[in-house]
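Remarks on the overall topology
Residue-level listing of the chains:
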Amino acid sequence: MSSVLFSEHPTDDGHIIAEIKLNSERTLNALTLEMIEAILPRLTAWESDERVAAILLDSAGEKAFCAGGDVVNLYKAIQGEGDPSFPEQFFEHEYRLDFLLHTYSKPVICWGNGIVMGGGMGLLSASSHRVVTETSRLAMPEVTIGLYPDVGASWFLNRLPNGAGRFLAMTGCQISAPDAVHLGLADRCIASHHRDALLQQLTNARWGSGEDTDANGVVNRILRELEQASQPVFAELEAPVYQHSPLIRELMDHDSVEQIVAAIAAVKSDNKWFSKAQKTLAHGSPVSVKLIDKQLKRAKHMSLAEVFQAELALSVQCCRHREFPEGVRALLVDKDGQPAWTYPDVASVEDSFIDELLASPWENSPLADLR
């Protein structure tokens, strides 16, 4: 069975709602190179097809929209199994897909139900209409595997208020649907049982001339009505990032990453969400924490294209050093939960090591054509 399903749903007025459904429930719809290579040409073709009014990006199953990227195959390639050029191919194609979605000329409705992590966050964040449900659990947990939040996170985390983006990156903490909307990581909270109604209303809608502004207006009206009907479902859901926002702002307001880490660790809290964030940071990669700090600082004023070019270089470099494969080994391959990190703590991480990771491995980026 195909890992991505493509459908074209005819509308009442002769247009088409094109659907991309991630279809790998067993792997929580984690993005593979094969999936990415299937989606890219289909999206390109639909963009130039005047019949296509909007794109619906969703997934099979209720557990996850997309739990991340294919890091196990990345690990195998790094360890000498298979094509040594696989990491560069994978990241280049993944970032091309994310960039295409960011700049797509037609509405892209992403149904971010269930687990949305890593590569899934890249897809959600790049879509023009980002929907989360009561089951949504968003996160960028790369600190746990010796990597850093990529897939455009250098762009979207930098735009969160009061240091929240840096806190989310360092702690890998989970974000609920209300928090996602509060932070601007999602646009609408819609109850999961409205999924079929969404598609039905999209096909029933009148799409007019198909101009971008008209199409976006049609989608907005449909999502607005479904969100209003969903309010009782979200009334009792917690928004821990929002609730902790004054504390997060205070914790991130220090002069060095070492001071930030110490401040987070020093907080005495009975809150399970915050305690889990502390624990993830404490057990995460010191290299990742230092890298997150440097990468967010250097990307602050980059364009979207420059962000993906910088992330491609950094991700390829991470595949050439031991921290990332060691993190994947401990968490996802041997699953012993005991990564042997390169440095014992953040204070020990040498600036020269971080500078080496941040140096581009090539003169001309494979993504130099992005504009």
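So, here is what we can say about the structure in this document.

About the criteria used
Residues numbered from 1 in each chain as written. Predicted model: local features only at pLDDT ≥ 70, side-chain atom pairs only at ≥ 80, totals over all residues. Heavy atoms only, no water. Axes fitted to C-alpha atoms, helices over the stretch in contact; angles between N-to-C directions. Helix = DSSP H or I, 4+ residues; strand = E, 2+ residues; numbered from the N terminus. Parallel < 35°, antiparallel > 145°, perpendicular 65-115°, else oblique. Left-handed = near helix turned anticlockwise from the far one by under 90°. Contact = heavy atoms within 4.5 Å. Buried < 20%, exposed > 50% of the residue type's maximum accessible area, 1.4 Å probe, protein only. Arc of directions from axis to C-beta. Salt bridge = Lys/Arg side-chain N within 4 Å of Asp/Glu carboxyl O. Pairing = 2+ DSSP bridges. Phe/Tyr/Trp six-rings, centres within 6.5 Å; stacked < 30°, edge-to-face > 60°. Core = buried A, V, L, I, M, F, W, Y, C linked by side-chain atoms within 4.5 Å.

Re the packing of helix H1 (residues 33-47) against helix H3 (residues 86-102)
The interhelical angle for the contact between H1 and H3, taken along N-to-C directions, is 30°, at an axis separation of 10 Å. One way to sum up the angle between H1 and H3 is to call them roughly parallel. For the crossing formed where H1 meets H3, the hand is left-handed. Within the contact between the two elements, H1 uses Leu 33, Ile 36, Glu 37, Ile 39, Leu 40, Leu 43, Thr 44 and Glu 47 and H3 uses Phe 86, Gln 89, Phe 90, His 93, Glu 94, Arg 96, Leu 97, Leu 100 and Leu 101.

Points about helix H11 (residues 245-252)
Every buried residue of H11 is listed here: Ile 248, Leu 251 and Met 252. Angularly, the buried residues of H11 cover 90° about the axis, an arc narrow enough to put them on a single face. Turned more than 90 degrees off the buried face of H11, the exposed positions are Pro 246 and Glu 250.

Overview of the pattern of salt bridges
The full count for this structure, using the stated rule, is 18 salt bridges. Notably, a salt bridge pairs Glu 19 with Arg 195, separated by 2.8 Å at the nearest N-O pair. Here the residue Glu 19 occupies a position in strand E2 (residues 16-22), and Arg 195 occupies one in helix H8 (residues 195-204), the gap between them amounting to 176 residues. Of the residues examined, Glu 19 reaches a relative accessible area of 4% and is grouped as buried.

Things to note about the sheet that holds strand E1 (residues 4-10)
The strand order E1-E2-E3-E5-E7-E9 describes an open sheet built from six strands, whose pairing is mixed. At either end of the open sheet lies a strand with only one pairing partner, and these are E1 and strand E9 (188-189). In this structure, E2 lies alongside strand E3 (residues 52-59), joined through seven bridges in parallel fashion. Note on E3: the bridge partner recorded for Lys 21 is Asp 58. Helix-sheet contacts for H1 involve E1, E2 and E3, and the interaxial angle to E1 is about 20°. Along the sheet, helix H4 (residues 119-126) makes contact with E2, E3, strand E5 (108-112) and strand E7 (129-132), crossing E7 at roughly 130°.

What to know about the packing of aromatic side chains
Inspection of the entire model under this criterion finds 10 aromatic pairs. Pairing Phe 6 with Trp 46 gives two aromatic rings, centres 6.1 Å apart and planes at 70°, and the pair type is edge-to-face. Placement of Phe 6 in strand E1 and of Trp 46 in helix H1 is noted, with a sequence separation of 40 residues between them. In this structure Phe 6 comes out as partly exposed when scored by relative accessible area, which is 23%.

Looking at the nonpolar core
Core analysis: the biggest nonpolar cluster contains 104 residues, and Leu 43, Ile 55, Phe 167, Leu 168, Leu 185 and Phe 324 have the highest contact counts within it. In this structure Leu 185 touches Met 121, Leu 124, Arg 130, Phe 156, Leu 160, Leu 168, Ile 175 and Ala 180, once residues within four positions along its chain are discounted.

Looking at unusual backbone geometry
Peptide bonds are, in most cases, trans, and in most cases residues other than glycine have a negative phi. Positive phi, close to 60°, is recorded for Asn 29, a residue that is not glycine. Note that Asn 29 resides in the loop between E2 and H1. Despite not being glycine, Lys 335 has its phi angle at roughly 55°, a positive value. The class for Lys 335 is exposed, based on a relative accessible area of 62%.

Thoughts on the sheet that holds strand E4 (residues 64-66)
Adjacent strands of a sheet pair through backbone hydrogen bonds, lying either parallel or antiparallel. The strand order E4-E6-E8 describes an open sheet built from three strands, whose pairing is parallel. Two strands lie at the open edges of the sheet, namely E4 and strand E8 (137-139), each paired on one side alone. Across this sheet, the average inter-strand angle for adjacent strands is 15°, counted without regard to direction. Strand direction decides the pairing type here: E4 and strand E6 (residues 115-117), joined by two bridges, are parallel. Residue pairing across strands places Ala 64 opposite Ile 115, the latter belonging to E6. Sheet strands touched by H4: E4, E6 and E8. Its angle to E6, the strand with the most contacts, is close to 90°.

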